[in-house]
Amino acid sequence: MNHWLTAPILIPLLGGILQVFMGYAPISLRRTLAIATTVLLLVSTIVLVALASDDSYRLYAFGNWQPPFGIVLVLDRLAALMLVLTAILAIFCHIFAIGGADEGNRQFHGLFLFQLMGLNIAFLTGDLFNLFVAFEVLLIASYGLLMHGGGRARSVPGLHYVVLNLAGSAVFLISVGMIYSVTGTLNMADLALRIPDLTGENLSIVKAGGMMLLVVFALKAALIPLCFWLPKAYANATAPVAALFAVMTKVGIYAILRVYLLVFGDDAGALANLGMDWLFPLALITLTMGVIGALGADNLKTLVAWQVIISVGTLLAPIALGSAAGISAALFYLLSSTWTVGGLFLVAEMVANQRGSAKDKIVTAPRMRNRTFLSVLFLVGAVAAAGLPPLSGFFAKLLILQSVLSGSEMAWLWSVVLIGSFFTVIAYSRAGSIVFWRTVDGHIEEPRPLGGNVSVAAGALAGLSVVLVALAGPISEFTDATAAQLLNPGDYLEILKTPMVKGDN
Amino acid sequence: MELVFALVIGALTASGVYLLLRARTFPVVVGLTLISYGVNLFLFSSGRLATGAQPILGTTGSYTDPLPQALVLTAIVIGFAMTAFLVVLALRSLADHEDDHVDGHQDIHATSATQKPEETGK
């Protein structure tokens with residue numbers, strides 16, 4: 001039992017409850033408390049990374065129930081990595097939001113913190129049904145955040161997003177029911193123990209349940225053909241919300257990594273590596289689709305939203321192949337792409353605020369006031385996202401390519417990733433040259449000056465791609481160890497034997 | 001009882017999927033509600049169907065699995081909240097676009113043409 005594990009859930013929960021009850025307090029007080037909550041969350045996740053880096057699994061059992069019976073939180077390297085990734089993204093989105101994006105809705109900070117709580121539950125939980133609950137918590141907060149700021153343009157994409165995710169939740173419940181009806185357990189470690197022993201018709205039921213679960217996770221991760229809701233929804237959201245949503249697709253990828261390596265891993269008997277042969281071609285098609293969408297985007301936010309889909313494809317291809325090097329490379333790319341995409345959403349919003357009625361459309365418009373600063377940020381973000389040296393995207397893609405060095409998979413992965421990156425570079429250079437260089441004389445009525453918060457947040461997220469390169473050694477050591485831990489789920493099953501009554505530490 | 005139960009789940013889900021594929025928001029909301037009824041019944045049946053059995057061990061000879069009941073309770077609460085939110089969102093969309101089509105307008109090209117001045121006018 002380790003009580004630190006509840007900190008990333010309790011901190012945003014208590015902070016969020018506080019925000020709910022002080023909707024009419026002065027905005028400066030609400031902002032201070034909200035930022036303090038996010039900073040505390042970041043500190044607690046750093047503590048958890050330090051705890052997790054000794055390669056052991058830590059367990060928190062609610063109500064002190066012996067693991068297969070109660071709900072458990074499990075901390076391993078992957079969970080800690082996802083927690084700190086989210087917390088770092090969240091703090092910069094939050095700093096950006098207090099630059100003015102949080103006005104107009106008294107509950108913005110509350111929703112933001114509840115969203116973080118849902119994300120953290122999803123990363124920590126060791127129970128399939130609790131994962132469903134975590135998805136619902138983060139989804140209902142995201143519905144509110146997506147509609148934040150109002151505007152008629154948001155109601156239709158918001159409606160599509162909600163209907164699609166409710167249908168997804170129904171499928172999730174059906175698959176959970178199918179798996180429970182045969183195995184009689186929803187604890188992931190216990191499932192991993194029972195699934196290899198299944199035979200006959202029970203096997204088919206769990207197989208169908210597992211595949212439906214993959215459909216749900218693919219919907220969350222925006223894998224083709226379930227990705228077309230994403231660009232419209234993200235492009236219409238407020239910038240800090242869109243930037244935070246960069247991690248939402250990664251929740252789907254996290255769930256695929258967790259469930260399909262632990263429950264349907266190599267040891268799962270007849271169900272070993274369920275669905276992974278489907279995932280590889282779909283990931284490559286997703287990547288291609290993302291590049292086509294990025295080339296056709298008519299505004300910067302849509303371009304960045306398609307970049308989210310490109311990164312999903314790039315991430316899932318090595319994960320589907322399942323080698324340790326591939327998973328480690330994918331985790332490195334996960335860090336790089338999430339922060340870069342978040343930064344690019346923020347930069348797109350800053351550009352939009354300086355161009356009057358042209359907003360972030362990729363068209364000729366009068367010059368921006370802070371064009372030098374914004375163009376450098378966009379350049380850094382675009383270079384990191386497209387995967388050009390010397391920034392983190394390049395090293396991440398290089399590691400992904402190096403992880404596959406033989407067979408037809410190599411031909412497919414190398415050609416799709418490299419040609420895709422080339423066309424991504426074209427998409428960014430087209431957008432950047434039109435927005436920043438092809439300008440006309442003229443003036444924009446009341447261009448809003450750049451706030452300090454806003455510049456710091458966007459600059460820091462773009463700068464993280466430099467930090468990732470500088471710290472590439474220790475970070476790739478961490479991701480290597482994470483991949484090794486994920487591929488050796490035997491130790492995870494030991495949590496079932498943790499004594500609950502006397503063995504408290 | 002198994003046959004009736006299966007037929008009810010099937011009928012609810014089939015009607016729900018049919019309504020979900022309609023182009024107006026009201027049938028979509030009703031469709032999602034029907035699907036969630038079907039899903040809740042399915043989840044309930046995953047603990048096996050038993051009559052006259054208690055979910056407490058040792059009180060009777062035959063007992064029933066209490067866990068699916070807890071799962072269904074959670075699913076009902078979440079589904080109810082989500083449906084309430086969806087109804088509000090559908091009303092908002094109706095008020096914004098003066099049309100209850102799921103795309104805000106029947107003709108896709110007309111939608112993009114009418115939305116452009118609104119986006120810039122904000």
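Below you will find a few notes about this structure.

What counts and what doesn't
Residues numbered from 1 in each chain as written. Chains lettered and ligands numbered in written order. Predicted model: local features only at pLDDT ≥ 70, side-chain atom pairs only at ≥ 80, totals over all residues. Helix = DSSP H or I, 4+ residues; strand = E, 2+ residues; numbered from the N terminus. Rg over C-alpha atoms; globule rule 2.2 N^0.38 Å. Buried ≥ 20, exposed ≤ 12 C-beta atoms within 10 Å, placed from the backbone. Contact = placed C-beta atoms within 7 Å. Core = buried A, V, L, I, M, F, W, Y, C linked by C-beta atoms within 7 Å. Nonpolar A, V, L, I, M, F, W, Y, C, P; charged D, E, K, R; others polar. Expected span 1.5 Å × (residues − 1). Arc of directions from axis to C-beta. Axes fitted to C-alpha atoms, helices over the stretch in contact; angles between N-to-C directions. Left-handed = near helix turned anticlockwise from the far one by under 90°.

Concerning the overall build of chain A
Each helix and strand in chain A was counted, giving 19 helices and four strands. For chain A, whose C-alpha radius of gyration is 22 Å, the value lies close to the compact-globule estimate of 23 Å for 505 residues. The C-alpha extent of chain A, read off along each of the three principal axes, is 75 × 60 × 40 Å. Burial statistics for chain A: of 505 residues in total, 58% are counted as buried. Partitioning the intrachain contacts of chain A with sequence separation of at least 6 by distance along the chain shows that 80% fall at a separation of at least 24.

A closer look at the nonpolar core
Side chains of a nonpolar character, in soluble globular proteins, are inclined to be buried together. All names here are of chain A. The biggest cluster of nonpolar side chains holds 215 residues, and the ones touching the most others in it are Phe 96 and Leu 223. Ranked by the residues each element gives to this core, the list is headed by helix H3 (residues 77-101), at 19 residues. If we skip the residues at most four places from it in the chain, Leu 223 touches Ala 218, Leu 282, Ala 283, Thr 286, Val 312 and Leu 316.

Considering the interface of chain A and chain B
The interface of chain A with chain B comprises 24 residues on the first partner and 32 residues on the second. Those elements that provide at least two residues to the side of chain A that touches chain B are helix H5 (128-146) and helix H6 (155-183) of chain A. Looking at the side of chain A that touches chain B, the element that brings in the most residues is H6 of chain A, giving 14 residues. Of the residues belonging to the side of chain A that touches chain B, the class tally is 15 nonpolar, six polar and three charged.

As for helix H19 (residues 472-486) of chain A
All names here are of chain A. Under the 1.5 Å per step criterion, the end-to-end length of H19 is 20 Å for 15 residues, consistent within 8% with the ideal 21 Å. Those residues of H19 not exposed but buried are Ile 475, Phe 478, Thr 479, Thr 482, Ala 483, Gln 485 and Leu 486. Each buried residue of H19 lies within a common arc of 160° when the element is viewed along its axis, so the set occupies one face. Structural note: H19 exposes Gly 473, Pro 474 and Glu 477 on the side pointing more than 90 degrees away from its buried face. If you follow the buried residues of H19, they end up packed against H3, helix H11 (248-262), helix H14 (324-353) and helix H18 (452-470).

Here's the deal with unusual backbone geometry
Negative phi values dominate among residues other than glycine, just as trans dominates among peptide bonds. All names here are of chain A. Cis geometry is adopted by the peptide bond preceding Pro 225, which originates at Ile 224 and carries an omega value of 0°. Looking at the secondary structure, you find Pro 225 in the loop between helix H8 (200-221) and helix H9 (230-236). Cis geometry marks the peptide bond from Pro 389 to Pro 390; its omega dihedral reads 10°. As for its placement among the helices and strands, Pro 390 is situated in the loop between helix H15 (371-386) and helix H16 (392-402). Of note in the backbone geometry, Asn 64 takes a positive phi value of approximately 60° without being a glycine. Within the secondary structure, Asn 64 sits in the loop between strand S1 (58-61) and strand S2 (72-75). The class of Asn 64 is exposed, set by 11 C-beta atoms lying within 10 Å.

Things to note about helix H2 (residues 27-52) of chain A
Residue and element names in this part refer to chain A. Between its first and last C-alpha, H2 extends 37 Å over 26 residues, near the 38 Å set by a 1.5 Å rise per residue. Taken together, the buried positions of H2 are occupied by Arg 30, Ala 34, Thr 37, Thr 38, Leu 41, Ser 44, Thr 45, Leu 48 and Ala 52. In this fold, the buried residues of H2 make contact with helix H1 (7-21), S2, H3 and helix H4 (108-124).

Observations concerning the packing of H15 of chain A against H18 of chain A
All names here are of chain A. Relative to each other, H15 and H18 sit at 35°, their axes nearing to 9 Å. Along this stretch, H15 crosses H18, giving a crossing that reads as left-handed. The segment H15 lies against H18, with Phe 373, Leu 377, Val 380, Gly 381 and Ala 384 engaging Ser 455, Ala 458, Gly 459, Ala 462 and Ser 465. Across the contact of H15 with H18, the residue classes break down as six nonpolar, four polar and no charged.

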